[in-house]
Amino acid sequence: MAFPSMDVGTKEDWEHISQEHAPVIGDMPKRIRSMLEQLRGLYVGFAVDQLEHSLQTASRAERDGADEEMILLSLCHDIGKVVSVPNHAAIGAEILKPYVSERAYKILLTHQDFQGKYYYHYFDMPNNLRDGYVDEPWYEDACRFSDRYDQAGFDPEYESFPLEHFSPLIDKFFAKPGAMLVTSED
């Protein structure tokens, strides 16, 4: 089934296309693990590679008693660096958006503004960009993520959990889009 342009597709064409999408969507946990593995060896100037940084961030969140979604976003927060380091926050947030809550999406999307507290002043940039989000309902969670987990996740001596430890969590959240989302009527 193929057509030269979408405007001539039939109902049968689109049903077929939908069926072909299902295995790709179902394979998402495997692709997330693959993207995380691609962070191995990507040091970009830090003492640990970006995979270890992600594992440390997630391990710190888990050891701190964070909820599963916070642990997941801690693990996947820099996954966009597989595509683009400068724009990684937006890329990673968009990859995770169908699988996480609005709170998690916003934390991922803005995490560089929260991290800027620690280094933007070295580049003559304002290091208080997080203050622009102080009235957001997810602000305290973003501060906790940034201050307790993310900025502290570059220690070559820290014993993080291996990627395999987080596989059940990846499987759970990425089973299908919206699988773990909670309705706004809670």
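That block above? That's the structure.
Every value quoted in this text rests on a predicted model; they were computed, and no experiment measured them.

A. Region of interest: the overall build of the protein. Along its length, the protein carries eight helices and zero strands. For the protein, the spread of C-alpha atoms along the three principal axes comes to 55 × 35 × 35 Å. For the protein, with 186 residues in total, the buried portion stands at 39%. Of the roughly 10,200 Å² of accessible surface on the protein, 54% is carried by carbon and sulfur atoms. Across the protein, the 17 positively charged side chains and the 33 negatively charged ones have centroids separated by 2 Å.

B. Region of the structure containing the packing of aromatic side chains. The tally for this structure, following the rule as stated, stands at 10 aromatic pairs. Seen from their ring centres, Tyr119 and Tyr120 are 5.0 Å apart, and the 85° between their planes marks the pair as edge-to-face. Here the aromatic cluster, defined as three or more aromatic residues joined through ring pairs, consists of Phe114, Tyr133, Trp138 and Tyr139. Of note, Arg63 hangs over the ring of Phe161, and the distance from its end group to the ring centre comes to 4.3 Å. The ring of Tyr105 carries the charged tip of Lys97 above its face, separated from the ring centre by 4.6 Å.

C. Local environment of the layout of surface pockets. Approximately 360 Å³ is the volume found for the largest pocket. If you trace the largest pocket, you find 16 residues lining it, with Phe46, Lys81, Gln112, Tyr119 and Phe154 closest to the centre. The leading source of residues in the lining of the largest pocket is helix α6 (residues 102–119), at five residues.

D. Just the pattern of salt bridges, in detail. Taken as a whole, this structure holds 12 salt bridges when the rule is applied. Lys11 is paired through a salt bridge with Glu15; the nearest N and O atoms lie 2.6 Å apart. One end of the pair, Lys11, and the other, Glu15, are both in helix α1 (residues 11–26), four residues apart, so they sit about a helical turn from each other. We classify Lys11 as exposed; its relative accessible area is 59%. Here Lys172 and Glu68 are joined by a salt bridge, their closest N and O atoms 2.6 Å apart. Of this pair, Lys172 sits in helix α8 (residues 167–173) while Glu68 sits in helix α4 (residues 68–76); the two residues are 104 residues apart in sequence, bridging distant segments of the chain. The structure contains a network of salt bridges with shared partners spanning Asp67, Glu69, Arg103, Asp141 and Arg144.

E. Summary view of the side chain of Asp141. Looking at the secondary structure, you find Asp141 in helix α7 (residues 139–150). A distance of 2.3 Å separates a polar atom in the side chain of Asp141 from a polar atom in the side chain of Arg144.

F. Up close: the side chain of Asp49. In this fold, Asp49 is placed in the loop between α2 (28–37) and α3 (50–63). Salt bridges are absent for the buried Asp49, whose nearest opposite-charge side chain, Arg40, sits at 5.3 Å. Of the polar contacts made by the side chain of Asp49, one reaches the backbone nitrogen of Gly41; its length is 2.9 Å. Aside from chain neighbours lying at most four places away, what touches Asp49 is Leu39, Arg40, Gly41, Leu42 and Tyr43.

What counts, and where the lines are drawn
- Residues numbered from 1 in each chain as written.
- Predicted model: local features only at pLDDT ≥ 70, side-chain atom pairs only at ≥ 80, totals over all residues.
- Heavy atoms only, no water.
- Helix = DSSP H or I, 4+ residues; strand = E, 2+ residues; numbered from the N terminus.
- Buried < 20%, exposed > 50% of the residue type's maximum accessible area, 1.4 Å probe, protein only.
- Areas by Shrake-Rupley, 256 points an atom, 1.4 Å probe, with all protein chains shown as cover.
- Lys, Arg positive; Asp, Glu negative; His and termini not counted.
- Charge placed at Lys NZ, Arg CZ, Asp CG, Glu CD.
- Phe/Tyr/Trp six-rings, centres within 6.5 Å; stacked < 30°, edge-to-face > 60°.
- Lys NZ or Arg CZ within 6 Å of the ring centre and 35° of its normal.
- 1 Å grid on protein atoms, 1.4 Å probe; cavity = no way out; pocket = protein on both sides within 12 Å on 5 of 7 lines; lining within 4 Å.
- Points joined across faces, edges and corners; volume = space filled by probe spheres on them.
- Salt bridge = Lys/Arg side-chain N within 4 Å of Asp/Glu carboxyl O.
- Polar contact = N/O pair within 3.5 Å; in protein donor to acceptor, adjacent residues only side chain to side chain.
- Contact = heavy atoms within 4.5 Å.

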